[in-house]
Amino acid sequence: MSEQSTDLREIVRQRYAAAALQVTTAGSATEGDAGCCGPQPVEVDDTFGSALYAADERDSLPAEAVAASLGCGNPTAVAELREGERVLDLGSGGGIDVLLSARRVGPTGKAYGLDMTDEMLALALANAEKAGATNVEFLKGTIEAIPLPAGTVDVVISNCVINLSTDKSAVFAETFRVLRPGGRMGVSDVVADDTLTPGRRAERGDYVGCIAGALSFAEYRRGLEAAGFTDIEITATHAVADGMYSAVVRAGKPANTGAPAVS
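A few words on the nonpolar core. Counting 31 residues, the largest nonpolar core has Leu88, Tyr220, Leu224 and Phe229 as the members making the most contacts within it. For this core, the elements supplying multiple residues, two or more each, are strand 1 (86-90), strand 2 (110-115), strand 4 (153-159), helix 6 (168-178), strand 5 (179-192), helix 8 (217-227), strand 7 (230-241) and strand 8 (244-252). Every residue in contact with Leu224, bar those within four places of it in the chain, is listed here: Phe172, Met185, Phe229, Ile232, Val249 and Ala251. Leu81, Val98, Ala111 and Ile157 belong to the second largest nonpolar core, which has 15 residues in total.

A word on the environment of Thr237. Within the secondary structure, Thr237 sits in strand 7. The partly exposed category is assigned to Thr237, whose relative accessible area is 47%. Spatially, the C-alpha atom of Thr237 lies 7.0 Å from that of Val248, the residues being 11 residues apart in sequence. Among the polar contacts listed, one links the side chain of Thr237 to the side chain of His238, at a separation of 3.2 Å.

Remark: helix 6 packs on helix 8, axes separated minimally by 9 Å, with the N-to-C direction vectors making an angle of 45°. Judged by the angle between their axes, helix 6 and helix 8 are oblique. By crossing handedness, the relation of helix 6 to helix 8 is classed as right-handed. On helix 8, the residues that touch Phe172, Ala173 and Phe176 of helix 6 are Tyr220, Gly223, Leu224 and Ala227. Among the residues forming the contact of helix 6 with helix 8, the class breakdown is 6 nonpolar, 1 polar and no charged.

Positive phi values are uncommon outside glycine, yet Cys160 reaches one of about 60°. Structurally, Cys160 can be placed in the loop between strand 4 and helix 6. Even without a glycine there, the phi angle at Asp231 is positive, about 50°. Mapped onto the secondary structure, Asp231 falls in strand 7. Given the relative accessible area of 66%, Asp231 is considered exposed.

To continue, consider the packing of aromatic side chains. Evaluated as defined, the whole model comprises 3 aromatic pairs. A centroid spacing of 5.3 Å and a plane angle of 45° characterise the contact between Phe172 and Tyr220, whose relative ring orientation is tilted. One end of the pair, Phe172, is in helix 6; the other, Tyr220, is in helix 8, and 48 residues separate them in sequence. Tyr220 sits in the buried class, given a relative accessible area of 1%. Taking the centre distance of 5.2 Å and the plane angle of 85° together, the rings of Phe176 and Phe229 count as edge-to-face. Of this pair, Phe176 sits in helix 6 while Phe229 sits in the loop between helix 8 and strand 7, and the two are 53 residues apart along the sequence. Phe229 shares its class with Phe176; the two are buried. Residue placement shows Lys253 over the ring face of Phe176; its charged tip is 4.8 Å from the ring centre.

This part is about helix 4 (residues 96-105). The element helix 4 is extensively covered by neighbouring structure, given that 8 of its 10 residues are classed as buried. Among the residues of helix 4, Ile96, Asp97, Val98, Leu99, Leu100, Ser101, Ala102 and Val105 are the ones counted as buried. Positive backbone phi, approximately 75°, marks Gly106, located one or two places after helix 4.

Using a probe with the size of a water molecule, rolled over the atoms, empty space left in the structure can be pinpointed. Reported here for the second largest pocket is a volume of approximately 160 Å³. Along the wall of the second largest pocket there are 14 residues; nearest its centre are Arg184, Met185, Arg250, Ala251 and Gly252. Elements supplying a minimum of two residues to the lining of the second largest pocket: strand 5 and strand 8. Of all the elements, strand 5 adds the most residues to the lining of the second largest pocket, at 5 residues. In the lining of the second largest pocket, the residues fall into 5 nonpolar, 4 polar and 5 charged.

What follows concerns the side chain of Asp154. If you trace the backbone, Asp154 turns up in strand 4. Classification of Asp154 as buried rests on a relative accessible area of 9%. At 2.8 Å, the side chain of Asp154 forms a polar contact with the backbone nitrogen of Arg86. Among the polar contacts made by the side chain of Asp154, one reaches the side chain of Arg180 at a distance of 2.3 Å.

Here is what the cut-offs are and how they apply
- Residues numbered from 1 in each chain as written.
- Predicted model: local features only at pLDDT ≥ 70, side-chain atom pairs only at ≥ 80, totals over all residues.
- Heavy atoms only, no water.
- Core = buried A, V, L, I, M, F, W, Y, C linked by side-chain atoms within 4.5 Å.
- Buried < 20%, exposed > 50% of the residue type's maximum accessible area, 1.4 Å probe, protein only.
- Helix = DSSP H or I, 4+ residues; strand = E, 2+ residues; numbered from the N terminus.
- Contact = heavy atoms within 4.5 Å.
- Polar contact = N/O pair within 3.5 Å; in protein donor to acceptor, adjacent residues only side chain to side chain.
- Axes fitted to C-alpha atoms, helices over the stretch in contact; angles between N-to-C directions.
- Parallel < 35°, antiparallel > 145°, perpendicular 65-115°, else oblique.
- Left-handed = near helix turned anticlockwise from the far one by under 90°.
- Nonpolar A, V, L, I, M, F, W, Y, C, P; charged D, E, K, R; others polar.
- Phe/Tyr/Trp six-rings, centres within 6.5 Å; stacked < 30°, edge-to-face > 60°.
- Lys NZ or Arg CZ within 6 Å of the ring centre and 35° of its normal.
- 1 Å grid on protein atoms, 1.4 Å probe; cavity = no way out; pocket = protein on both sides within 12 Å on 5 of 7 lines; lining within 4 Å.
- Points joined across faces, edges and corners; volume = space filled by probe spheres on them.

Structural data, given as structure tokens:
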């Protein structure tokens, strides 16, 4: 990994560690304070964060999981999760999408969360305990080197995290590897118009703000195709900057890859 890539990863890690501590500190400070409504959401505008989830979903989860949401969509709403499936959330943060996924797949399924930030993992584990979720597991690692065997999961989800990676081809390859044959991905991510150069994307926002590192629609498709994905759909949902969109990305791993699935 280049020095610049290492620096960018550390900047991202610091930003999300600070967000986790903000939520955790606020939650601790309000214990016993009857006049407070609980942790306040990490500051984002209305194109990012917990407002993108339905009210009944937000209300059913620990307040800290909702407050720590920094995503640009709701991948659990588009991944079409089914009872008994195994799902992996890349960059799981405070655990909101893992907890929602765990409910959708039920007690016979399992939801994994992967994050590189100790503070977010600690927050996610606390939120899982508060929610009484027993079919979840949180893993420490990077999305470029997923610490799971090949063919482990049926579905991979992610919420505005892939754009933060400095090696997206590795993310796509690793996602393909851990999916079982016939598995699928359904993620929310920021995507740029094909006409915007990397320089023009950077003019619209910084890397850690999920803007400068975004791929264009065509680049995203080519990256997924190169990893082996088929049935690729990239659909913009709402604008997050001029020429930049939150998008739903769906793709599948062919069933005839020859790779064994983990039973």
